[in-house]
Amino acid sequence: MSLVKINIGPVHPSTHGLLRLVVTLDGDTIVNVEPHVGFLHRGVEKLAENRMYMQIPPFIEKCDYVAKTAMDEAYVATVEAAMGIEPNERAQYERVILLELQRIASHLLWLGAMLNDLGHFFSVFMWTFADRDKVLKLLEEATGQRMFYVNMRLGGLRQEFPKDFEYHVLDVLAYLEKRINEYESFIENSSLFKERMYKVGVLSRDDAINLGVSGPVLRASGVNFDVRKDKPYYVYKKLNFKPIVLYNGDNFSRYKVRILEIKESIRLIREAFKQMPDGNATGMPIKLINPAPKNKVVRVSREGPRGEIMFYLVADEQRPYRLAMRTPAFINLAALNHIAKGNKFANLFPIIGSLDLVMADVDK
Amino acid sequence: MIIDRKDLIDTISSFKKKGFSYLVKILGIDYIDYISVLYILRNLDSDEEIEIEVHLNQNDLWVPTIINIFKGADWYERELYEMFGIEIKGRKVRKLLLEKFSENIYPLRKSFKWGTK
Amino acid sequence: MIMKDFITAKQEFDKLVEESLKKYKPKVPVVFTKLSEVTKAITSNMITWSRKNSLWPLQFGLACCAMELLDFGASRIDAERKGFLVFRATPRQSDVMISAGWITKSMAPEVKRLYEQMSRPRYVVAYGECSVSGGPWYESYNIIEGIDQIVPVDVYVSGCPPRPESLFDALLKLQEKVGGKIDN
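Just so it is clear, the model here is predicted, and its values are computed rather than measured.

About the criteria used
Residues numbered from 1 in each chain as written. Chains lettered and ligands numbered in written order. Predicted model: local features only at pLDDT ≥ 70, side-chain atom pairs only at ≥ 80, totals over all residues. Heavy atoms only, no water. Helix = DSSP H or I, 4+ residues; strand = E, 2+ residues; numbered from the N terminus. Rg over C-alpha atoms; globule rule 2.2 N^0.38 Å. Buried < 20%, exposed > 50% of the residue type's maximum accessible area, 1.4 Å probe, protein only. Contact = heavy atoms within 4.5 Å. Patch = residues over 30% accessible without salt bridge, like charges linked within 9 Å, V, L, I, M, F, W, Y side chains within 5 Å. Areas by Shrake-Rupley, 256 points an atom, 1.4 Å probe, with all protein chains shown as cover. Salt bridge = Lys/Arg side-chain N within 4 Å of Asp/Glu carboxyl O. Pairing = 2+ DSSP bridges. Axes fitted to C-alpha atoms, helices over the stretch in contact; angles between N-to-C directions. 1 Å grid on protein atoms, 1.4 Å probe; cavity = no way out; pocket = protein on both sides within 12 Å on 5 of 7 lines; lining within 4 Å. Points joined across faces, edges and corners; volume = space filled by probe spheres on them. Nonpolar A, V, L, I, M, F, W, Y, C, P; charged D, E, K, R; others polar. Buried area = accessible area lost by both parts, 1.4 Å probe.

**Student:** Honestly, the overall build of chain C in this entry has me stumped. Any pointers?
**Tutor:** For chain C, the helix and strand inventory stands at six helices and four strands. Relative to a compact globule of 184 residues, whose C-alpha radius of gyration would be 16 Å, chain C shows 25 Å and is clearly more extended. Principal axes of the C-alpha set define a box for chain C whose edges measure 75 × 45 × 25 Å. The proportion of buried residues among the 184 residues of chain C is 40%. The contacts of chain C with a sequence gap of at least 6 include a subset with a gap of at least 24, amounting to 78%.

**Student:** Help me understand unusual backbone geometry, please; the structure alone is not making it clear to me.
**Tutor:** Comment: phi is negative for the bulk of residues other than glycine, and the bulk of peptide bonds are trans. Note that the residue after C:Arg120, namely C:Pro121, is joined by a cis bond; omega there is -5°. Secondary-structure assignment places C:Pro121 in the loop between helix H4 (108–117) and strand E3 (123–127). The omega torsion of the bond from C:Cys160 to C:Pro161 falls at -10°, within 30 degrees of zero and hence cis. Tracing the backbone shows C:Pro161 in the loop between strand E4 (155–157) and helix H6 (164–179). We note that A:Phe148 has phi near 60°; this positive angle belongs to a residue other than glycine. Inspection of the secondary structure puts A:Phe148 in the loop between helix H5 (123–143) and strand E4 (152–153). Residue classification places A:Phe148 among the buried residues on the basis of a relative accessible area of 8%. Phi is positive for A:Lys199, which is not a glycine, with a value near 60°. Residue placement: A:Lys199 occurs in the loop between helix H7 (191–197) and helix H8 (205–211). The exposure class of A:Lys199 is exposed, given its relative accessible area of 67%.

**Student:** Would you mind showing me how to read a nonpolar patch on the surface here?
**Tutor:** A cluster of nonpolar residues, A:Met1, A:Leu3 and A:Val31, forms a patch on the protein surface that exposes about 360 Å² of accessible area. The residue A:Met1 is located in the segment before strand E1 (4–8) in this model.

**Student:** Explanation requested: the sheet that holds strand E6 (residues 297–303) of chain A in the structure shown.
**Tutor:** Hydrogen bonding along the main chain pairs the strands of a sheet, whether they run parallel or antiparallel. Residue and element names in this part refer to chain A. Taken in spatial order, the three strands make up an open sheet running E6-E7-E8, and their pairing is antiparallel. Across the chains shown, the open sheet's two edge strands, defined by having one partner strand only, are E6 and strand E8 (320–326). Strand after strand, the sheet turns through a mean of 15° between neighbouring axes, direction not considered. Of the strand pairs in this sheet, strand E7 (residues 308–315) and E8 are connected by six bridges, and their pairing is antiparallel. In the strand pairing of E8, Met310 is matched with Arg326. Where helix H3 (residues 68–83) meets the sheet, its contacts fall on E6, E7 and E8, and the angle it forms with E6 comes to roughly 150°.

**Student:** Quick question: what am I supposed to make of the side chain of A:Glu264 here?
**Tutor:** The topology assignment puts A:Glu264 in helix H11 (residues 251–275). Sequence-distant contacts of A:Glu264, that is, excluding residues within four places in its chain, are made with A:Phe241, A:Lys242 and A:Ile244.

**Student:** So what exactly am I meant to see when it comes to the layout of surface pockets here?
**Tutor:** By rolling a water-sized probe across the atoms, one finds the places where empty space is left. One number sums up the size of the largest pocket: a volume of about 1,400 Å³. Lining of the largest pocket is provided by 47 residues; of these, A:Pro13, A:Asn116, A:Phe122, C:Gln59 and C:Leu70 occupy positions nearest its centre. Of all elements in the fold, only helix H4 (89–118) and H5 of chain A together with helix H3 (65–73) of chain C reach the threshold of two or more residues within the lining of the largest pocket. Considering only residue class, the lining of the largest pocket consists of 31 nonpolar, 10 polar and six charged.

**Student:** Any chance you could explain the interface of chain C and chain A here in plain terms?
**Tutor:** Interface size is often expressed as the accessible area that is lost when the parts come together. The interface of chain C with chain A comprises 31 residues on the first partner and 28 residues on the second. For the chain C face of the interface with chain A, the top three residues by lost area are C:Met67, C:Trp102 and C:Trp137, together amounting to 21%. Counting every contact that joins chain C to chain A gives five salt bridges. Residue A:Asp133 pairs with C:Arg76 through a salt bridge whose shortest N-O separation is 2.9 Å.

Shape is all these values report; function is a separate question.
Put into structure tokens, the structure is as follows:
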């Protein structure tokens with residue numbers, strides 16, 4: 001019995017970014033997987049100590065370039081907590097609508113990219129990209145930019161929603177519901193999909209808590225923890241939010257949790273439009289922001305599409321003294337060695353695809 | 001809460017038995033006289049969080065490893081070693097994000113100016 | 001010595017050819033050349049035209065500008081209709097390297113190695129601010145300021161991120177550089 005080491009290099013069409021894996025094999029089964037990361041590290045935490053508070057959001061948004069509003073909103077909420085500002089009720093409803101639209105767009109891109117790895121060579125990818133384009137057009141109408149909308153201000157948004165925005169959104173949501181049911185029906189009827197996803201890459205409940213993973217990876221292993229329910233923020237209590245939990249812990253549960261989350265987001269947006277009060281949702285212009293109190297320590301967590309985002313801020317007067325970030329893909333990738341032991345080598349790429357990694361998240 | 005370095009492993013094990021079984025993050029902050037290392041733990045049943053803080057002098061930078069208690073502390077400790085220069089006693093630690101960077105330069109300390117290459 | 005004999009023999013042969021041409025005037029003008037020059041004159045236009053209309057890019061999206069590259073290949077702004085048909089994964093089968101994303105010190109030797117594995121003629125397009133000049137992270141300790149410190153660049157596209165329509169315009173200008181006027 002001799003062991004073979006294989007290098008899966010940084011530039012590879014299936015690793016969703018720059019990730020280098022050194023895999024130790026015994027015949028066809030995996031013995032050890034060792035990830036080497038750091039090909040995209042640019043020092044965001046050090047950069048944040050040299051820029052003022054409202055100059056930082058563009059750098060934070062480029063950390064997770066698939067779901068940009070989630071990182072932006074988490075940072076602005078941290079600065080609001082340090083300065084003691086709270087947004088009014090209409091601004092909270094509008095922020096929730098933008099966050100849930102961003103979650104739908106991020107999960108549609110994940111679906112196309114994962115089915116690419118399983119063997120559908122770019123066919124389902126083209127369909128989900130066309131659907132994602134419709135949602136991106138809605139976000140462009142609300143914020144004015146195609147990618148990297150730096151849209152959050154202290155106390156609200158940069159500008160109000162335009163006229164007739166509600167009718168455009170409800171049209172697109174009616175179309176998306178039919179498409180998601182179509183995707184579910186033809187993907188789950190295929191027997192090849194079932195053989196590659198059932199009971200492959202199992203993560204048990206105790207291991208998931210000990211390793212510290214978060215997001216859909218944690219909820220597919222039977223742990224009922226979601227930041228939107230356990231530490232509620234904004235108006236999620238009034239919208240009757242319920243988290244989605246499955247109990248098997250394999251690839252198929254991680255896939256199913258995300259599909260059901262898209263349907264839950266569609267329901268949340270419809271409720272939010274019915275309950276939204278009248279008012280003004282624009283935030284403070286940049287010139288009127290007062291300096292923060294010295295040596296104040298704040299900690300804020302939010303739920304992004306990939307997991308839990310946490311910011312820890314030690315405030316100085318005009319710029320942060322220390323900004324520490326906990327990004328979700330960093331610790332999800334550290335669990336790969338534990339999940340992939342004992343599986344066959346051909347099942348390595350569906351496991352990586354079901355963890356939903358974005359490499360700029362891992363190297364901050 | 002602020003504790004000494006020699007009580008660290010006992011305190012964390014006792015908190016884990018009480019129900020704080022989820023490790024959120026291990027941080028380091030460089031105040032200029034000392035460096036402080038923070039451990040944030042969370043209880044999944046009652047949704048409480050607790051911060052455990054250890055102060056280290058600049059001459060004497062080392063921390064014992066907690067990988068036997070939490071398996072997820074592996075990558076956090078490697079990042080702490082390469083960014084601040086804090087040694088981890090009890091296991092061999094390899095650099096994580098700055099593999100081709102020069103030795104003995106620790107970017108997140110306050111003595112490293114932003115703009116040097 | 002041998003070269004001198006060769007040169008004088010060639011000159012005597014040329015004189016013989018000229019005298020015989022004066023005696024027997026041909027009805028059509030006659031030119032003496034090599035066979036390889038004949039084929040080059042007939043086919044060089046054809047080769048340049050076919051090369052410029054089928055440039056295949058290398059799949060090299062590193063960071064956020066890769067999202068716009070995926071949009072460029074998807075169905076709304078179609079890359080196939082002008083010849084950029086398939087995004088190949090290996091550098092030995094591709095013509096253009098579209099570099100989208102920031103380059104760090106760990107990644108620079110890999111970029112150089114991929115560029116040297118591409119077969120000639122090869123072109124490089126720098127897409128996005130981070131490849132042009134380092135982008136918003138230009139002062140960082142781990143970033144190289146622009147890809148033109150490693151490989152030679154043909155076309156620069158600026159923006160953060162540039163719209164996919166401007167990448168289309170840049171690739172049409174690259175076609176002009178390869179072989180003359182743009183074909184419609």
